[in-house]
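The residues making up each chain are set out below.
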Amino acid sequence: MDREQKEEFFRRLLAQRRELAGDASTRTHDGFALGQDGAQDVGDAAANTAARQLLLGLGDRERRQLREIDDALERLDHDTFGFCEACGEEIGAARLQILPHTVLCVDCKAIEEQQNPR
Ligand SMILES: [Zn+2]
């Protein structure tokens, strides 16, 4: 991977990170606001609890994505970006274009999915 490609991925990862972090802080704010309405009736409270759980769930997923992006940025820093964590082979530019923060090549990802079906 040449320097230009790495810079391109760096920019994309940073943009993705900003998007996610921005979303997360908005959601956290909304989630907080949901619990702050003292004038709600019981039905509203139940609906708000469900909404809050949904928001917290989204928060978890976003936090995990953020960590993956941070890890990818660190790999870029250490010149290990673009290599599969499982087999050490190059992940390939085509796959990285779609998933810049992935740590597995397409083969290892397929094996992982077979072992841990969701
Ligand atoms: Zn691999």
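Trainee: For this particular structure, what's the right way to read the overall build of the protein?
Mentor: Per the secondary structure count, the protein includes four helices and zero strands. Its helices and strands in sequence order give the protein the pattern α-α-α-α, from N to C terminus. Put simply, the protein has 118 residues, and 9% of those count as buried. For the protein, contacts bridging at least 24 residues in sequence account for 54% of all contacts bridging at least 6.

Trainee: Where do I start with the confidence of the model for the protein in this structure?
Mentor: Interpreting fine coordinate detail is not advised for predicted regions of low pLDDT. In this model, the protein carries an average pLDDT of 79, and 68% of its residues clear a pLDDT of 70 or more. Here helix α2 (residues 42-77) stands out as the least confident element of the protein, with mean pLDDT 73; helix α4 (residues 106-115) is the most confident, with 95. Within the model, the stretch residues 29-40 combines pLDDT values under 50 with 11 contacts to residues more than four positions away or in other chains.

Trainee: Would you mind going over the environment of Gly 92 with me for this structure?
Mentor: When you line up the elements, Gly 92 lands in the loop between α2 and α3 (93-98). For the pair Gly 92 and Gly 82, spaced 10 residues apart in sequence, the C-alpha separation works out to 6.9 Å.

Trainee: Any chance you could explain the nonpolar core here in plain terms?
Mentor: Note that soluble globular proteins tend to have their nonpolar side chains buried in a common cluster. Core analysis: the biggest nonpolar cluster contains eight residues, these being Phe 9, Leu 13, Ile 69, Ala 72, Phe 81, Ile 91, Leu 96 and Cys 105. For this core, the secondary-structure elements that each account for two or more residues are α1 (3-34) and α2. Split by domain, the residues of this core number at least three in each of domain 1 (1-79) and domain 2 (82-118). Aside from chain neighbours lying at most four places away, what touches Leu 13 is Ile 69, Ala 72, Leu 73, Pro 100 and His 101.

Trainee: It is not clear to me how the environment of Leu 76 should be interpreted in this structure. Could you clarify?
Mentor: Looking at the element boundaries, Leu 76 is found in helix α2. Linking Leu 76 and Phe 10, residues 66 residues apart in sequence, is a C-alpha distance of 7.3 Å.

Trainee: Looking at this structure, how should I read unusual backbone geometry?
Mentor: Trans is the prevailing form of peptide bonds, just as negative phi is the prevailing case for residues other than glycine. In this structure, Asp 79 is a non-glycine residue whose phi angle is positive, near 65°. Mapped onto the secondary structure, Asp 79 falls in the loop between α2 and α3. Residue Asp 79 is classed as exposed on the basis of its C-beta count, with 10 C-beta atoms lying within 10 Å.

Basis of the calculations
Each chain has its residues counted from 1, following the order in which its sequence is written. At least 70 in pLDDT is required for a residue's local features to be given in this predicted model, at least 80 for side-chain atom pairs to be given and counted, and no such filter applies to totals for whole chains, interfaces and linings, which use all residues. Secondary structure is summarised from DSSP: a helix means a run of H or I of at least four residues, a strand means a run of E of at least two, and numbering begins at the N terminus for each. Think of it as a crowd count around each C-beta: if 20 or more other C-beta atoms lie within 10 Å the residue is buried, if 12 or fewer it is exposed, and in between it is partly exposed, with C-beta placed from the backbone throughout. It is the C-beta atoms, placed from the backbone, that decide contacts: two residues are in contact if theirs lie within 7 Å. As a per-residue quantity, pLDDT reports the predictor's confidence and falls between 0 and 100. Put simply, a nonpolar core is a cluster of buried Ala, Val, Leu, Ile, Met, Phe, Trp, Tyr and Cys residues tied together by C-beta atoms within 7 Å. Residue ranges for the domains trace back to a domain assignment, done automatically or taken from a database.

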